[in-house]
Amino acid sequence: MRFTATISLVLLVITWMVASHFAQSDAFPGPVAVGEKMIQESMNGELWTHLGATFTRVFVAFGCAWACGVVIGALLGRSDALDQWFWPWVNTFLNMPALVVIVICYLGLGMTELAAVLAVVVNKTPLIAVNVRDGVRQFEPRYEEFASIYRLSWIQKIRLIWIPQLEPFLFTALRTGLSLTWKIILVVELLGRSSGIGFQIHLYFQLFEVDMILAYALSFMIAMQLIEWIVVRPVEQHVQRWRKDGQLA
Amino acid sequence: MVSWLDCWFADQLIIRAGALSLDSEVAVISGPSGVGKTTLLRGICRHNQLLNPRLVFQEPTLLPWLSVTDNLRAVCREEGLQKHWLDLFDLPQVGALRPGQLSLGMQRRISIIRGILAKPGLLLLDEPSASLDPENIERLIINIRVASRESSIPILVVTHNPIDFNDLEPSYYQLVGRPAEIFRSTLSNRIRGSKSSR
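Just so we're clear, the structure is a prediction, and the values are computed from it rather than from any experiment. (Residues numbered from 1 in each chain as written. Chains lettered and ligands numbered in written order. Predicted model: local features only at pLDDT ≥ 70, side-chain atom pairs only at ≥ 80, totals over all residues. Heavy atoms only, no water.)

**Student:** Describe the overall build of chain A, with residues and values.
**Tutor:** When helices and strands are tallied, chain A shows 10 helices and zero strands. In sequence order, the secondary structure elements of chain A are arranged as α-α-α-α-α-α-α-α-α-α. Projected onto its principal axes, the C-alpha coordinates of chain A cover approximately 70 × 55 × 30 Å. Classification of the 249 residues of chain A by burial places 42% in the buried group. If you take every contact in chain A between residues at least 6 apart in sequence, the share linking residues at least 24 apart comes to 73%. (Helix = DSSP H or I, 4+ residues; strand = E, 2+ residues; numbered from the N terminus. Buried < 20%, exposed > 50% of the residue type's maximum accessible area, 1.4 Å probe, protein only. Contact = heavy atoms within 4.5 Å.)

Next up, the structure:
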């Protein structure tokens, strides 16, 4: 599986190389030219500075959105009354275009870091909430009954019964949320920040340096993929290893 | 003595209010499938909170994401006591395993240990012998006898197959009718006879 994926990615790079060779255009640089720019920018430190700025925004914004989304989703999943009252709100924010939220936050709070992060939190919280709400609604009633009859404390219920059942939904929310968050962060940076990958893309767009645009975009994509491979997937496999248990009899 | 109020399910009276005395270590309530045996156990749980009852479910509700030890720790933190009961039930090696790595019979027996470790005043077992082969039923009966003698906790079993529990010399009750009512059963001798003639 991993071998196939690696070969597939190598094929993609070769296709890109061949296509750019035949295109012979500054607007479509090949992987070698983009790779050289990535090395150049990482050697002079620019890449790390902007990568760090974007990463900080992504993790702060996504952390806040995730925390808010989990609480809202859990409340809506547990209470029919709250769900009836507030589900339309969540749905409205879910369908609100990210660009609108970003512009409103910048107009309301100025071109500040707070506005940038708030825009992402407002835009991404509903997505997390929907995932968590669906997860809570699929809780096994028999574990609830066990917790009630055996008089487990609230902390025990959350730790031993709710979180393990929510794990697949939390990981889905983490994965989709994170991938969407960083794309919105680029727009936020493009519109109103003076650092970050989005800012650099905007800068090199004005200078018409497509190889630099691709160098910055690609380095962030690689970094996000590494997080998925090195952190998210191993943690997910570890906490969900019980799902592979088979019955002996 | 345990009692219960009328038990309803989907606007239908399933079981009439009643009571039974626990005059032996183990009491067995039998009745045909669908008569409301599990509903009765839930009713007993609700109405006898002072007895601190614990229900051991027919479908083991061990938490599949936790090891056996962690499942037991959820109700009792005394590791010595956990080990004592695992040894008594002849399950000394399973502490680190998760429920999905155990057979149904083992899961049922560990569920009984969990019930005992919760220090109840009454232990209710819902169809503990269902879907088990004769060998596993025999082990289960031995374990229930040990549980009853070691813990002195009265045990109430509901089953559609009371003959499985004959070796425990329990007091028998039957749940009959619609809505169901409970009666002291005189079947025990007949069951004993039929088992010895098998």
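**Student:** Go over the packing of aromatic side chains, please, and point to the residues and values.
**Tutor:** The final tally for this structure, using the stated rule, is 11 aromatic pairs over all chains. An angle of 40 degrees between the planes, with centres 4.9 Å apart, marks the rings of phenylalanine 146 of chain A and tyrosine 150 of chain A as tilted. Phenylalanine 146 of chain A gets classed as buried once you look at its relative accessible area, which sits at 0%. Judged by centre distance (6.0 Å) and plane angle (70 degrees), the ring pair of tryptophan 85 of chain B and phenylalanine 89 of chain B falls under edge-to-face. As far as burial versus exposure is concerned, tryptophan 85 of chain B and phenylalanine 89 of chain B are alike and both buried. One aromatic cluster is present, built from ring pairs that chain together Phe55, Phe59, Trp182 and Phe220 of chain A. Looking at arginine 54 of chain B, its charged tip hangs above the ring of tyrosine 150 of chain A, at a distance of 5.6 Å from the centre. (Phe/Tyr/Trp six-rings, centres within 6.5 Å; stacked < 30°, edge-to-face > 60°. Lys NZ or Arg CZ within 6 Å of the ring centre and 35° of its normal.)

**Student:** Just give me the short version of the side chain of asparagine 131 of chain A, but keep the residues and values in it.
**Tutor:** Positionally, asparagine 131 of chain A belongs in helix α6 (residues 113-137). In this structure, asparagine 131 of chain A is in contact with Phe169, Thr172, Ala173 and Thr176 of chain A, ignoring residues within four places of it in sequence.

**Student:** Let's hear about the interface of chain A and chain B: which residues, and what values?
**Tutor:** Taken together, the 21 residues of chain A in the interface contact 30 residues of chain B. Summed over both partners, the interface of chain A with chain B comes to about 2,200 Å²; 57% of that surface belongs to carbon and sulfur atoms. It is Tyr150, Arg151 and Trp242 of chain A in chain A that bury the most area against chain B; as a group they hold 28% of the surface buried on that side. Joining chain A to chain B, the criterion identifies one salt bridge. For arginine 42 of chain B, the salt bridge identified is with glutamate 145 of chain A, shortest N-O distance 2.3 Å. Taken together, the links from chain A to chain B amount to eight residue pairs in polar contact (both at pLDDT 80 or more). Per-element tally for the side of chain A that touches chain B: the top contributor is helix α8 (residues 154-192) of chain A, with six residues. (Buried area = accessible area lost by both parts, 1.4 Å probe. Salt bridge = Lys/Arg side-chain N within 4 Å of Asp/Glu carboxyl O. Polar contact = N/O pair within 3.5 Å; in protein donor to acceptor, adjacent residues only side chain to side chain.)

**Student:** Kindly report on the sheet that holds strand β6 (residues 53-56) of chain B, identifying the contributing residues and their values.
**Tutor:** Residues and elements named next belong to chain B. Read across the open sheet, the six strands follow the order β6-β7-β8-β5-β9-β10; overall the sheet is mixed. Two strands close off the open sheet at either side, each with one partner strand: β6 and β10 (181-184). In this sheet, adjacent strand axes meet at a mean angle of 20 degrees when their direction is disregarded. Of the strand pairs in this sheet, strand β5 (residues 26-30) and strand β9 (residues 171-176) are connected by four bridges, and their pairing is parallel. In the sheet register, isoleucine 29 faces β9, and the bridge partner there is tyrosine 173. (Pairing = 2+ DSSP bridges. Axes fitted to C-alpha atoms, helices over the stretch in contact; angles between N-to-C directions.)

**Student:** Break down the state of the cysteines for me, citing the residues and quoting the values.
**Tutor:** Residues and elements named next belong to chain B. According to the stated counting rule, one finds zero disulfides over all chains in the structure shown. Take cysteine 7: it sits in no disulfide, and the sulfur closest to it among the cysteines is that of cysteine 45, at 11 Å. No disulfide involves cysteine 76; its nearest neighbouring cysteine sulfur is the one of cysteine 45, lying 19 Å away. Look at cysteine 76 and you get buried, because its relative accessible area is 4%. (Disulfide = S-S within 2.5 Å.)

**Student:** How would you summarise the pairing of β5 of chain B if you had to cite specific residues and measurements?
**Tutor:** Along any regular strand the residues' side chains alternate between the sheet's two faces. Counting buried positions along β5 of chain B yields five of five residues, so the element is predominantly enclosed. Residues of β5 of chain B alternate between two faces, with Val26, Val28 and Ser30 of chain B on one and Ala27 and Ile29 of chain B on the opposite face, all of them buried.

**Student:** Any chance you could break down unusual backbone geometry for me, citing the residues and the numbers?
**Tutor:** A negative phi holds for most residues other than glycine; trans holds for most peptide bonds. A cis amide bond, omega 0 degrees, links arginine 178 of chain B with the succeeding residue proline 179 of chain B. Although it is not a glycine, arginine 151 of chain A sits at a positive phi angle of roughly 50 degrees. Checked against the element boundaries, arginine 151 of chain A lands in the loop between α7 (141-149) and α8. For glutamate 169 of chain B, which is not a glycine, the phi torsion comes out positive at approximately 50 degrees. If you trace the backbone, glutamate 169 of chain B turns up in the loop between β8 (155-159) and β9.

**Student:** Let's hear about the packing of helix α2 (residues 31-43) of chain A against helix α3 (residues 46-78) of chain A: which residues, and what values?
**Tutor:** Residue and element names in this part refer to chain A. Close contact between α2 and α3 brings their axes to 4 Å; oriented N to C, the two are set at 85 degrees. In this view, α2 runs roughly perpendicular relative to α3, as classed from their interaxial angle. Contacts between α2 and α3 involve Met38, Glu41 and Ser42 from the first element and Glu46, Leu47 and Trp48 from the second. Tallied by class, residues from the contact of α2 with α3 come to three nonpolar, one polar and two charged. (Parallel < 35°, antiparallel > 145°, perpendicular 65-115°, else oblique. Nonpolar A, V, L, I, M, F, W, Y, C, P; charged D, E, K, R; others polar.)

**Student:** Which residues make up the environment of phenylalanine 9 of chain B, and what values go with them?
**Tutor:** Residue and element names in this part refer to chain B. Structurally, the position occupied by phenylalanine 9 is in strand β2 (residues 7-9). Judged by its relative accessible area of 57%, phenylalanine 9 is exposed. The spatial distance from the C-alpha of phenylalanine 9 to the C-alpha of threonine 39 is 8.1 Å, given a sequence separation of 30 residues.

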